[in-house]
Amino acid sequence: MAPPQGPRAPLEFGGPLGAAALLLLLPATMFHLLLVARSGPARLLGPPPYLPGLEALWSPQALLLWLTWLGLQAALYLLPARKVAEGQELKDKSRLCYPINGFQALVLTALLVGLGMSAGLPLGALPEMLLPLAFSATFTAFIFSLFLYMKALVAPASALAPGGNSGNPIYDFFLGRELNPRIYFFDFKYFCELRPGLIGWVIINLALLVQEAELRGSPSLAMWLVNGFQLLYVGDALWHEEAVLTTMDITHDGFGFMLAFGDLAWVPFTYSLQAQFLLYHPQPLGLPMASVICLINGLETISTATGRQLLVSGWWGMVRHPNYLGDLIMALAWSLPCGVSHLLPYFYLLYFAALLVHREARDERQCLQKYGLAWHEYCRRVPYRIVPYVY
């Protein structure tokens, strides 16, 4: 007789029906944004200017370029690291090791791109390939997620994630069954989390800046700000790469379509939306307003707690997730260089607000399980979740 199983984690995203809807909705939203960003009206809530045919989406050259990009980042991942960090303790009491060389990969990628441009690499042509590249990334994410799902079928129970094991194949395919899928020491989730998508994002931004310079003689101040802010964000994330080992993505979520598509496709092609908008809809921006925007972006830096105690002083005594508040302030600063005439550049801010509210609810459930009555007392003393006196 099999031993009784513990209670399964509650289903998220509306269960199997919600997961099935998101499998279609997320790629459709990404392509909608790519299409409307280059259209004249650039309406976030309006229909796209046209529906591209397969010939506009499928390109063997784009697929080859995308696979080459993934291969390059995988090769840089395998280079000797300045440090090897241990992850959190797993169910079987073991700890996995992770190379801390993401910033090194960013610098080497920048050097390779610089050398390529000096040799005549037409980086400014990349924006014209965004649709087929996004299609290739989406196709890759689906195939990769199928591989991850099949791999998890033979993984030991101790390797499975708390969620993503409902028994429903669509839901489990979407959420991810295995917590840390690896082949030898190559960790797929850790590699995808900060490497090809984040670095690809800044390369796309740079290509948009180069094309704007080719079209108008020089990049606009707004384009410089967007590129600078987002490069700073990516550089900071990769410099502090070890911090990702404590995030919910690594410690709790399985690796399935949700994270694979998010890391490989959604991040580079959606997070570059402000730069895409500015290429097709240039915005005047003076130095006084640029200075104010820089000040707003600087407000994003909010120190976080490194210990296990529940802090009730400083930022952490005002709201339970001040780091999320910092993320929203930063997202606002990224959008302001695009002006206020269109809602489209503010999609990232709206999306990120919804994402953080959902993630905050997941954090609350986990903290309640972890801290029990202490968490109730903490919530009583710090009633606001993200925005003081608002939420």
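It should be noted that the structure appears before, not after, this text.
Residues numbered from 1 in each chain as written. Predicted model: local features only at pLDDT ≥ 70, side-chain atom pairs only at ≥ 80, totals over all residues. Heavy atoms only, no water.

Draft legend 1. Local environment of the nonpolar core. If you look at the biggest cluster of nonpolar residues, it comprises 105 residues, and the most contacted ones within it are M30, L34, F144, F174, F255, F269 and L344. Once residues lying within four places of it in the same chain are set aside, the contact partners of L344 are L33, V36, A37, A42, L44, L273 and F277. (Core = buried A, V, L, I, M, F, W, Y, C linked by side-chain atoms within 4.5 Å. Buried < 20%, exposed > 50% of the residue type's maximum accessible area, 1.4 Å probe, protein only. Contact = heavy atoms within 4.5 Å.)

Draft legend 2. The side chain of N180, seen in detail. Relative to the assigned elements, N180 resides in the loop between helix 6 (169-175) and strand 3 (182-183). Other than its neighbours up to four places away in sequence, N180 contacts L90, L96, Y98, A159, D187, K189 and I250. (Helix = DSSP H or I, 4+ residues; strand = E, 2+ residues; numbered from the N terminus.)

Draft legend 3. Structural detail: the environment of H252. Its location among the elements puts H252 in the loop between helix 10 (248-251) and helix 11 (257-270). For the pair formed by H252 and P162, sequence separation is 90 residues and the distance between their alpha carbons is 6.5 Å. Polar contacts involving the side chain of H252 include one to the side chain of D253, which spans 3.2 Å. (Polar contact = N/O pair within 3.5 Å; in protein donor to acceptor, adjacent residues only side chain to side chain.)

Draft legend 4. How the structure looks around the packing of aromatic side chains. Summed over all chains, the structure comprises 32 aromatic pairs. Pairing F142 with F257 gives two aromatic rings, centres 4.5 Å apart and planes at 35°, and the pair type is tilted. With F142 in helix 5 (residues 130-152) and F257 in helix 11, the pair connects residues that are 115 residues apart, well separated along the chain. We classify F142 as partly exposed; its relative accessible area is 30%. (Phe/Tyr/Trp six-rings, centres within 6.5 Å; stacked < 30°, edge-to-face > 60°.)

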